[in-house]
Each structure stands twice: as C-alpha cells, then as structure tokens.
Amino acid sequence: MSRPGKFAKSSRIKQLRQFKRRKQQQAGTTIAWEQVTDFLLGRYQLTQGRQLPPVVAATVQRFMSEWLTTAQAAGPDQVQWSLTALTPATLKRIGNQVPWQFYAVLLGQAARWQHFLRKEGPAMPLSPRRQIIEPLDAAAWAQVVAQQLALNLLTVTAAPITAAQREQLVTSLLTNDTVNWTAVSALFSPLGFQNTADQQGDTYQWLNDLQALTISDFHD
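These numbers were taken from a predicted model, which means no experiment stands behind them. (Residues numbered from 1 in each chain as written. Predicted model: local features only at pLDDT ≥ 70, side-chain atom pairs only at ≥ 80, totals over all residues. Heavy atoms only, no water.)

**Student:** Describe in detail the nonpolar core, supporting the description with residues and values.
**Tutor:** Core analysis: the biggest nonpolar cluster contains 63 residues, and Trp-67, Trp-81, Trp-113, Leu-149 and Trp-181 have the highest contact counts within it. At the level of secondary structure, the elements contributing two or more residues to this core comprise α2 (36-47), α3 (54-72), α4 (83-94), α5 (100-123), α6 (138-157), α7 (163-172), α8 (181-188) and α9 (202-211). The element best represented in this core is α5, accounting for 11 residues. Setting aside its immediate chain neighbours within four residues, Leu-149 contacts Trp-100, Tyr-103, Leu-173, Val-179, Trp-181, Val-184 and Phe-188. (Core = buried A, V, L, I, M, F, W, Y, C linked by side-chain atoms within 4.5 Å. Buried < 20%, exposed > 50% of the residue type's maximum accessible area, 1.4 Å probe, protein only. Helix = DSSP H or I, 4+ residues; strand = E, 2+ residues; numbered from the N terminus. Contact = heavy atoms within 4.5 Å.)

Here is the structure:
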C-alpha cells in the first residue's frame, strides 16, 4: 500500500543526542532560525518524551519535526504559527507514508503535544518570538485526523467520489466527536502497509513498531 518516502528520511531524531551540549541556550542565548526544530525536539524529549513508550515518543517527535518544517516554510518573519492551519497541511504532506496507527498514536497525544508547543514555542530564545495561535480542541483534532485518513484511503483506492461521498466517509470514521479506530482498522488493514525504509535504520524499526499496535492499544 504505502511507502515511507521522504517523511521517513526527514527524521531528525538522532539529533536529539546532540542537544545536551546546548544547555547554555536555556540561559538566555538566542538560537538561530535553523536550530528551532532541534531546540523544540530536545525540549520535548526532556519534558515529555522520556515518560512515554518509545514508539509514542518517536511518533510525536517525527510529527513535530514535520510540523515545524511546515511552520518555518513561511520564513522567519512570520511570527504567528496557527495550529488550525499548519496541522492539516502537515498531515497532508505525511499522508500514506505511515500506517494508520501513526494517526492513532498522534491523536492520543495531541492535547499534550499542543499544550507543550503553546508553552515552549513562545518561550524559545528566538528573535522575534513566535506566537502559537488558533489551537484545536479535541473535536477539531479528531475531524482533522478523520479528514486526512479519508484522503489517504481515497488516494490508495483511486476510486471516483463526490465531495458529499467524501464527507460521508469522514463521518463514518467518527463516533461522538472522536475517531473510531475499529472502523479505520477495518478499512486500512486489508490494504496493508509496505515498510521500505532502510532495515538498518531507526525508521524501519519505528514503522514496524507502529504496525504492531492493535485496536486494543487505543482503547482507554
């Protein structure tokens, strides 16, 4: 079905190992524009990542790296980063390069990650400071993820469909303003996911770990 593609290659998780030497940045030194992603990934690992299962922490970190790439594409003069605008754009770029479990893990951590970004983003020692605006509530997050899952499915099947039918598909993936992962699994599992990442790399193992997750892992 899917291939990791550029998303898998764009991971910067290894750079977290180099973050320890940047402690002086927390003492007030301004960081460079090119250091934004490394800085926030490091802060996330220090404040939250260590408390999470490795597959969960890696998933959020990889998503955040892609989200920050989307945010920074507007350039250093764009000081307002909108979660409402940037999140769907990021997920659209990721698309089918990951199995459906990626979206399940992400949605489960969305509130915590968004809280982290709204706190740590403006606090970055960056000039000018960033403003994290237009947060998504739980229902909005579910809608964004369901929309992307529907698009992923339609991309794979290449079936002709009207806008109304697409919205009907999105609705079928939602139950009480949250994603119905049983329905998602039933649609995506028969299609499979092809892990073509380098078998010696971290991405290959991460994708395998994601695929090993089952519906029971996403039930409260």
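**Student:** Account for the pattern of salt bridges, naming residues and giving values.
**Tutor:** Throughout the structure, instances matching the rule amount to two salt bridges. Two residues, Arg-43 and Glu-120, come together in a salt bridge whose shortest N-O distance is 3.0 Å. Taken together, the residues span a long stretch of sequence, with Arg-43 in helix α2 and Glu-120 in helix α5 at a distance of 77 residues. Note on accessibility: Arg-43 and Glu-120 belong to one class, buried. Here Glu-66 ties to Arg-93 by a salt bridge, and the two come within 3.0 Å at their closest N and O atoms. Of this pair, Glu-66 sits in helix α3 while Arg-93 sits in helix α4, and the two are 27 residues apart along the sequence. By relative accessible area, Glu-66 is classed as buried at 6%. (Salt bridge = Lys/Arg side-chain N within 4 Å of Asp/Glu carboxyl O.)

**Student:** Break down α3 for me, citing the residues and quoting the values.
**Tutor:** The end-to-end C-alpha distance of α3 is 27 Å, a good match for the 27 Å that 19 residues give at a rise of 1.5 Å each. The buried count for α3 comes to 17 of 19 residues, which makes it a mostly enclosed element. (Expected span 1.5 Å × (residues − 1).)

**Student:** Could you give an account of the packing of α4 against α5, with specific residues and numbers?
**Tutor:** For any two helices packed against each other, one specifies the crossing angle of their axes together with the interaxial distance. It is at 14 Å that the axes of α4 and α5 come closest, and there the two elements cross at 145 degrees. As for how α4 packs across α5, the hand of that crossing is right-handed. Here Leu-83, Leu-91 and Ile-94 of α4 lie close against α5, whose contacting residues are Phe-102, Tyr-103, Leu-106, Trp-113, Gln-114, Leu-117 and Arg-118. Taken together, the residues that form the contact of α4 with α5 break down as eight nonpolar, one polar and one charged. (Axes fitted to C-alpha atoms, helices over the stretch in contact; angles between N-to-C directions. Left-handed = near helix turned anticlockwise from the far one by under 90°. Nonpolar A, V, L, I, M, F, W, Y, C, P; charged D, E, K, R; others polar.)

**Student:** An account of α9 is needed here, citing residue identities and associated values.
**Tutor:** Among all positions in α9, only Thr-203, Trp-206, Leu-207 and Leu-210 are buried. Taken around the axis of α9, the buried residues stretch over an arc of 95 degrees, which confines them to a single face. (Arc of directions from axis to C-beta.)

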